[in-house]
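Report on the structure
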There are 2 protein chains.
Amino acid sequence: MSSGPRLISRRAAALRAYAPQPWIYSRGAFSLGQVAFDHFPLRVWSNLVARHSRIIHPSAFLYSDPRGTRDFRETIATYLRTARGVNCEADQIMVVSGSQQAIDISARALLDPGSQVWLEEPGYRLTSDVLSLAGCQLIPVPVDDEGLNVAEGIRLCDSARAAYVTPSHQLPLGATMSASRRLQLLDWAQLSGAWIIEDDYDSEYRYGNMPIASLQGLDRNSRVIYIGTFSKTLFPSLRLGYMVLPPDLVERFLTVRRAMDIYPPYLHQAVLTDFIRQGHFSRHVRRARRIYMERRSKLVDALRKQFGPELPILGAEAGMHLVVMLPKECRDVELAKKAAAEKLWLWPLSLSYLGRNVRQGLILGFGSVTDAEIPSAVRRLKALIETM
Amino acid sequence: MSSGPRLISRRAAALRAYAPQPWIYSRGAFSLGQVAFDHFPLRVWSNLVARHSRIIHPSAFLYSDPRGTRDFRETIATYLRTARGVNCEADQIMVVSGSQQAIDISARALLDPGSQVWLEEPGYRLTSDVLSLAGCQLIPVPVDDEGLNVAEGIRLCDSARAAYVTPSHQLPLGATMSASRRLQLLDWAQLSGAWIIEDDYDSEYRYGNMPIASLQGLDRNSRVIYIGTFSKTLFPSLRLGYMVLPPDLVERFLTVRRAMDIYPPYLHQAVLTDFIRQGHFSRHVRRARRIYMERRSKLVDALRKQFGPELPILGAEAGMHLVVMLPKECRDVELAKKAAAEKLWLWPLSLSYLGRNVRQGLILGFGSVTDAEIPSAVRRLKALIETM
């Protein structure tokens, strides 16, 4: 029998290859996106999981609201109003599997194939992947120490339909978006009819200065889709996050989300509702913040001690990672491959760039590195850099 | 300040409105898609959940394979080879949140905006929604008592890029696809370079004749994306299903899935791996099959008794629902609304049609209806129909 072609979609064909690099999936110094699992309140958590799995209410056997359970959405709304200055009611909350799905839903609800979107340059590559998959045209806009350069964005593409930003702790360079940039971004969005996708990544972990309220809370025109995740505060394999929708978009987002995967799983919504309401969540975040702050100080000290001022450190004021800039001649991908062979996990900064103006550096996670490991890991890093 | 438009995507704007009809979300006679939760082995299940939540392995705190855990994929592959004649290895399995996400991933990996897709007419409206959202052009192809009419599909659109089918128990009319139609469909796909999306919905529950092996198992050319779900065998709010991919497509599906939501949640994969390996799953399916068979017989008997041969019954040989055809002048949506006011849940068949050739009928679920409830519920149905 003759045989037809094996066509895949143009969108899928255009996505960069999925390469399971060792630094993505390994544990230890300085693996990225990993939490202090040794300090996770596992007993409290597993007691709640056990309790909720024994008493599944018959309604948990039904299909239900694509946004998630009412109780969980109320709990998230209360938390976000208090902790992040987000302007929201439970009706606007949609439970998702994490920031990635939230961006996917937003793109499909708001953007058409060919729609232009501002992205932070450098930025998180999975964000550009999901927007490419939705058919968007990516407009990389440079960031500086005030976050996304809005004037430059307007110069590059005033008519963009959306901007994706990580204002609390820019991923990966770590800047906090300044107040004036926030207002400038909101003004542009309102004037031009664009949407802002605010990924409030790492907002729970700020050291030094006071926490900064969300962009969403500043917005008087409902232009912001606010996104948050429990991947960093609890653990990533939980796959739970949330988005806050402008009231007039709720119905369309519901329709889109229902078509994509109907509704989110039940058990962990019930568990986390109790975990938050009983105060375990804020206790855990406070404790984790202290732990990450110590790890960060240890890491910064060790880097200064080994390298002096020659390697600039960026973005250490928040979150669970910082960036060490490398001299131009030191290729970060090559260094990361060498290091991986010695079980030292370095995420190359250069992979975070979409455009040509690429800088070499290392994104170092300190979420799951113990204080004791840090000095020797930094010594090994120094030795490796010297071989380059 | 002047204000720009509030544009949403054309795809989102085109989706039919999300209308939370009472018959979708209510429990009792004859709600659809509901399992016999009163017979669910909750103790065994919750013990496994409790155990796995106490002993989370550190690796569960990491990001991992977008396909799901190795152990779970091995378990699913073994089950599908044995129970469904599916030709597969663990590498080809991708764990998803259910059939809906599996179709979404398939559409985005394989189809372009404008790609034509055969859909069963009548069919499941959420399937047409997810394909529309991916930009596909829907080609409704009529079904008869042998399933999808392949010759008619070829006549309507020979060049379609894919066909979506539910060969085990056509949703909603309930036909099992005949062997000759299966071969005809596979031949067309191979000749024309099309993909077949096989949603093996309700395959676990067959009464009467022997189970029929999957289309995927018949396919010698790796043209079939096989989809299954635990929503019907366990419960829907678990949000767990799986797909079996042609080996040469695995890498692209991985890339697409990673961009969409990175990877599936951990806990229930571990729980279900044990639940299946320890034999609880097949025991539960056997018991549930007996229960549904009894409920089905009770329902068919009650319908025959009340209506005689005047209302034809379709699709009672498998699954957890059957269809009662209504006379043309009896409008099913109107009937369903009236019934809902009396807490009787009827799913109108007419909503399952994309084209104009619409038939009136009722899709009656018997998954969560007890034997005792059935006769009186059917009497109430008869009384309601008489008022129309």
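The shown structure was predicted, so the numbers you read here are calculated from the model rather than taken from an experiment.

Structural notes on the interface of chain B and chain A
Each partner contributes to the interface: chain B provides 93 residues, whereas chain A provides 93 residues. Here chain B and chain A share an interface that buries about 8500 Å² over both sides, 58% of which is from carbon and sulfur atoms. The interface formed by chain B and chain A contains six salt bridges. Close ionic contact of R6(A) with D248(B) constitutes a salt bridge, the shortest N to O distance being 2.6 Å. At the boundary of chain B and chain A, one finds 50 residue pairs in polar contact (both at pLDDT 80 or more). Taken together, the elements giving at least two residues each to the side of chain B that touches chain A come down to α1 (10–14), α2 (22–25), α3 (42–54), α5 (99–110), α6 (125–133), α8 (179–192), α10 (250–261) and α11 (267–277) of chain B. For the side of chain B that touches chain A, the element with the most residues is α10(B), which contributes nine residues.

Some remarks on the sheet that holds strand β4 (residues 147–148) of chain B
Residue and element names in this part refer to chain B. Pairing in this open sheet of eight strands is mixed, and the strands run β1-β8-β7-β6-β5-β2-β3-β4 from one edge to the other. The two strands at the open ends of the sheet, each matched to only one other strand, are β1 (93–96) and β4. Note that strand β2 (residues 116–121) and strand β3 (residues 137–144) share six bridges and pair parallel. Looking at β3, one finds that Q116 is bridged to Q137. Packed on one face of the sheet, helix α7 (residues 150–157) meets β2, β3 and β4 and runs near 150° to β3. Helix-sheet contacts for α10 involve β1, β7 (224–229) and β8 (241–244), and the interaxial angle to β1 is about 15°.

Re α6(B)
With seven of its nine residues buried, α6(B) lies for the most part within the structure. G135(B) sits one or two residues past α6(B) and shows a positive phi near 90°.

Here we look at the environment of T387(A)
All names here are of chain A. Structurally, T387 is set in the segment after α14 (374–386). For the pair formed by T387 and K338, sequence separation is 49 residues and the distance between their alpha carbons is 9.8 Å. Looking at T387, its side chain comes within polar contact range of the side chain of K338, at 3.2 Å.

A short note on a positive patch on the surface
Taken together, the side chains of R283(A), R286(A), R287(A) and R290(A) make up a positively charged region of the molecular surface. The class for R283(A) is partly exposed, based on a relative accessible area of 42%.

Examining helix α14 (residues 374–386) of chain B
Because each turn of an α-helix spans 3.6 residues, side chains separated by three or four positions end up pointing in the same direction. Residues and elements named next belong to chain B. Compared with an ideal rise of 1.5 Å per residue, which puts 13 residues at 18 Å, α14 spans 18 Å between its outermost C-alpha atoms and is within 8% of the ideal. Every buried residue belonging to α14 is among I374, A377, V378, L381, K382, L384 and I385, and all of these are buried. Considered in projection along α14, the buried side chains sweep an arc of 165° and stay on one side of the axis. Lining the buried residues of α14 we find α12 (280–307), α13 (332–341) and β12 (361–365).

So, the domain arrangement of chain A
All names here are of chain A. You can read the domains of chain A as domain 1 (19–35 + 287–386) and domain 2 (43–278). For domain 1 and domain 2, the distance between their C-alpha centroids amounts to 26 Å. Facing 24 residues of domain 1, the contacting portion of domain 2 comprises 24 residues. Between domain 1 and domain 2, a total of about 2100 Å² is buried, with carbon and sulfur atoms accounting for 64% of that surface. Linking domain 1 to domain 2 there are zero salt bridges. Between the two partners, domain 1 and domain 2, sit 11 residue pairs in polar contact (both at pLDDT 80 or more). Listing elements by their share of the side of domain 1 that touches domain 2, those giving two or more residues are α12 (280–307) and β10 (321–325).

Details of the sheet that holds strand β9 (residues 313–314) of chain B
Residues and elements named next belong to chain B. Here we have four strands laid out as an open sheet, ordered β9-β10-β12-β11, and antiparallel in their pairing. Strand pairing shows two members of the sheet lacking a second neighbour, β9 and β11 (347–348), which therefore form its edges. As paired strands, strand β10 (residues 321–325) and β12 are joined by five bridges and run antiparallel to one another. Its bridge partner lying in β12, M325 is registered against G361. Helix-sheet contacts for α12 involve β9, β10 and β12, and the interaxial angle to β10 is about 15°.

Focus on unusual backbone geometry
A cis geometry characterises the amide bond from A29(A) onward to F30(A), with omega recorded as -10°. Counting through the fold element by element, F30(A) comes out in the loop between α2 (22–25) and α3 (42–54). Of note, the phi angle at D202(B) is positive, near 65°, even though the residue is not glycine. Note on placement: D202(B) falls in the loop between β6 (195–199) and α9 (215–218).

So, the relation of the copies chain B and chain A
By a simple turn and slide, chain B fits onto chain A: the slide is 0.0 Å along the axis, the RMSD is 0.0 Å, and the turn is 180°. Those values place the two copies in the arrangement expected of a two-fold rotation axis. The C-alpha atom lying nearest the rotation axis in chain B is that of A50(B); the distance is 2.2 Å. When the interface residues of chain B are mapped onto chain A, 100% of them again fall at the interface, so both copies present the same face.

With respect to the packing of helix α4 (residues 70–84) of chain B against α11(B)
Residues and elements named next belong to chain B. Contact geometry for α4 and α11: axes closest at 9 Å, N-to-C directions at 35°. As α4 packs across α11, the resulting crossing turns out to be left-handed. Contacts from D71, F72, E74 and T75 of α4 reach α11 at Q269, L272, T273, I276 and R277.

A look at the packing of helix α7 (residues 150–157) of chain A against helix α8 (residues 179–192) of chain A
Residue and element names in this part refer to chain A. As a packed pair, α7 and α8 sit with axes 9 Å apart at the nearest point and diverge in direction by 30°. By the criterion of interaxial angle, the relationship of α7 to α8 is roughly parallel. Every residue of α8 that contacts α7 at V150, A151 and I154 is listed here: R181, Q184, L185 and W188. For the contact of α7 with α8, the class distribution of residues is five nonpolar, one polar and one charged.

Calculation rules
Residues numbered from 1 in each chain as written. Chains lettered and ligands numbered in written order. Predicted model: local features only at pLDDT ≥ 70, side-chain atom pairs only at ≥ 80, totals over all residues. Heavy atoms only, no water. Contact = heavy atoms within 4.5 Å. Buried area = accessible area lost by both parts, 1.4 Å probe. Salt bridge = Lys/Arg side-chain N within 4 Å of Asp/Glu carboxyl O. Polar contact = N/O pair within 3.5 Å; in protein donor to acceptor, adjacent residues only side chain to side chain. Helix = DSSP H or I, 4+ residues; strand = E, 2+ residues; numbered from the N terminus. Pairing = 2+ DSSP bridges. Axes fitted to C-alpha atoms, helices over the stretch in contact; angles between N-to-C directions. Buried < 20%, exposed > 50% of the residue type's maximum accessible area, 1.4 Å probe, protein only. Patch = residues over 30% accessible without salt bridge, like charges linked within 9 Å, V, L, I, M, F, W, Y side chains within 5 Å. Areas by Shrake-Rupley, 256 points an atom, 1.4 Å probe, with all protein chains shown as cover. Lys, Arg positive; Asp, Glu negative; His and termini not counted. Charge placed at Lys NZ, Arg CZ, Asp CG, Glu CD. Expected span 1.5 Å × (residues − 1). Arc of directions from axis to C-beta. Domains from an automatic or database assignment. Least-squares fit on C-alpha atoms with pLDDT ≥ 70 in both. Left-handed = near helix turned anticlockwise from the far one by under 90°. Parallel < 35°, antiparallel > 145°, perpendicular 65-115°, else oblique. Nonpolar A, V, L, I, M, F, W, Y, C, P; charged D, E, K, R; others polar.

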